[in-house]
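Residue strings, one per chain:
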Amino acid sequence: MRRFPGLSARVVAIVAFVAASWLLASLIAGRRQDLLGVAMALLCVLCGTVAVVAVAAARQRDAETPPDPDQAAGAGNAEPPGIDADTLETLGDREAVRALRDRHRDDHGR
């Protein structure tokens with residue numbers, strides 16, 4: 001459930017960072033050592049945490065963007081990457097080709 005549907009993670013991160021910076025600057029300038037100073041310090045930590053989480057959410061959303069259709073079409077190749085048809089042809093030995101494929105499956109299957 002989102003309370004503010006128009007706000008993106010980047011906007012939340014910027015607002016939280018500005019609020020945390022303002023609170024930190026006012027704490028340093030005012031040198032408060034009373035209950036209000038403690039409350040401001042806790043709000044500063046809270047705003048900093050919100051900013052970090054919002055940045056992580058923005059990065060995760062950027063990483064989840066759908067891949068380019070041209071790249072997705074080439075991903076279904078049957079041969080392992082790095083071994084082209086000329087290399088397989090020069091090997092010529094079925095056992096060597098089978099060993100390469102098995103090694104590739106073991107390396108990328110983990």
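What counts as what
Residues numbered from 1 in each chain as written. Predicted model: local features only at pLDDT ≥ 70, side-chain atom pairs only at ≥ 80, totals over all residues. Heavy atoms only, no water. Helix = DSSP H or I, 4+ residues; strand = E, 2+ residues; numbered from the N terminus. Buried < 20%, exposed > 50% of the residue type's maximum accessible area, 1.4 Å probe, protein only. Contact = heavy atoms within 4.5 Å. Areas by Shrake-Rupley, 256 points an atom, 1.4 Å probe, with all protein chains shown as cover. Salt bridge = Lys/Arg side-chain N within 4 Å of Asp/Glu carboxyl O. pLDDT = per-residue confidence, 0-100. Core = buried A, V, L, I, M, F, W, Y, C linked by side-chain atoms within 4.5 Å. Expected span 1.5 Å × (residues − 1). Arc of directions from axis to C-beta. Axes fitted to C-alpha atoms, helices over the stretch in contact; angles between N-to-C directions. Parallel < 35°, antiparallel > 145°, perpendicular 65-115°, else oblique. Left-handed = near helix turned anticlockwise from the far one by under 90°. Nonpolar A, V, L, I, M, F, W, Y, C, P; charged D, E, K, R; others polar.

1. Looking at the overall build of the protein chain
Per the secondary structure count, the protein chain includes 5 helices and 0 strands. Counting helices and strands in the order they occur from the N terminus, the protein chain gives α-α-α-α-α. Burial analysis of the protein chain (110 residues in total) assigns 15% to the buried set. Sequence separation of 24 or more characterises 54% of the internal contacts of the protein chain that already satisfy a separation of 6 or more. Summing over all exposed atoms, the protein chain offers an accessible surface of approximately 9,200 Å²; the carbon and sulfur share of this is 60%.

2. Examining the pattern of salt bridges
Scanning all chains against the criterion turns up 3 salt bridges. Of the charged contacts in the structure, one is a salt bridge between Asp62 and Arg10, with a shortest N-O distance of 2.7 Å. Placement of the pair is Asp62 in helix 2 (residues 35-63) and Arg10 in helix 1 (residues 9-30), with a sequence separation of 52 residues. For Arg10, a relative accessible area of 47% gives the class partly exposed.

3. Details of the confidence of the model for the protein chain
Residues with a pLDDT of 70 or more make up 68% of the protein chain, whose mean pLDDT is 79. Taking the mean pLDDT of every element in the protein chain, the minimum, 55, falls on helix 3 (residues 69-74) and the maximum, 92, on helix 1.

4. Describing the nonpolar core
The biggest cluster of nonpolar side chains holds 6 residues, and these are Ala20, Leu23, Leu27, Met40, Cys44 and Cys47. Of all the elements in the fold, those that place two or more residues in this core are helix 1 and helix 2. Apart from the residues within four sequence positions on either side, Cys47 is in contact with Ala16, Ala19, Ala20 and Leu23.

5. Some thoughts on helix 1
For helix 1, built from 22 residues, the straight-helix expectation of 32 Å at 1.5 Å per residue is met to within 8% by its first-to-last C-alpha distance of 31 Å. All buried positions along helix 1 are accounted for by Ala9, Ala13, Ala16, Ala20, Leu23 and Leu27. The buried residues of helix 1 occupy an angular sector of 105 degrees when the element is viewed end-on, so they sit on one face. Those residues of helix 1 that are exposed and angled more than 90 degrees off the buried face are Ile14, Val15, Trp22 and Ala29. Arg31, located one to two residues past helix 1, shows a positive phi value of around 50 degrees.

6. Things to note about the environment of Ala19
Within the secondary structure layout, Ala19 lies in helix 1. Here the alpha-carbon distance between Ala19 and Cys47, two residues 28 residues apart in the chain, equals 6.6 Å.

7. A closer look at the packing of helix 1 against helix 2
Orientation of helix 1 relative to helix 2, taken along the N-to-C sense of each, is 155 degrees, at an axis distance of 8 Å. Relative to helix 2, helix 1 is oriented roughly antiparallel. Where helix 1 crosses over helix 2, the handedness of that crossing is left-handed. The residue makeup of the contact of helix 1 with helix 2, split by class, is 21 nonpolar, 3 polar and 3 charged.

8. A few points about unusual backbone geometry
In the Ramachandran plot, Arg31 falls in the positive-phi region, its phi being about 50 degrees despite a non-glycine side chain. With respect to the helices and strands, Arg31 occurs in the loop between helix 1 and helix 2.

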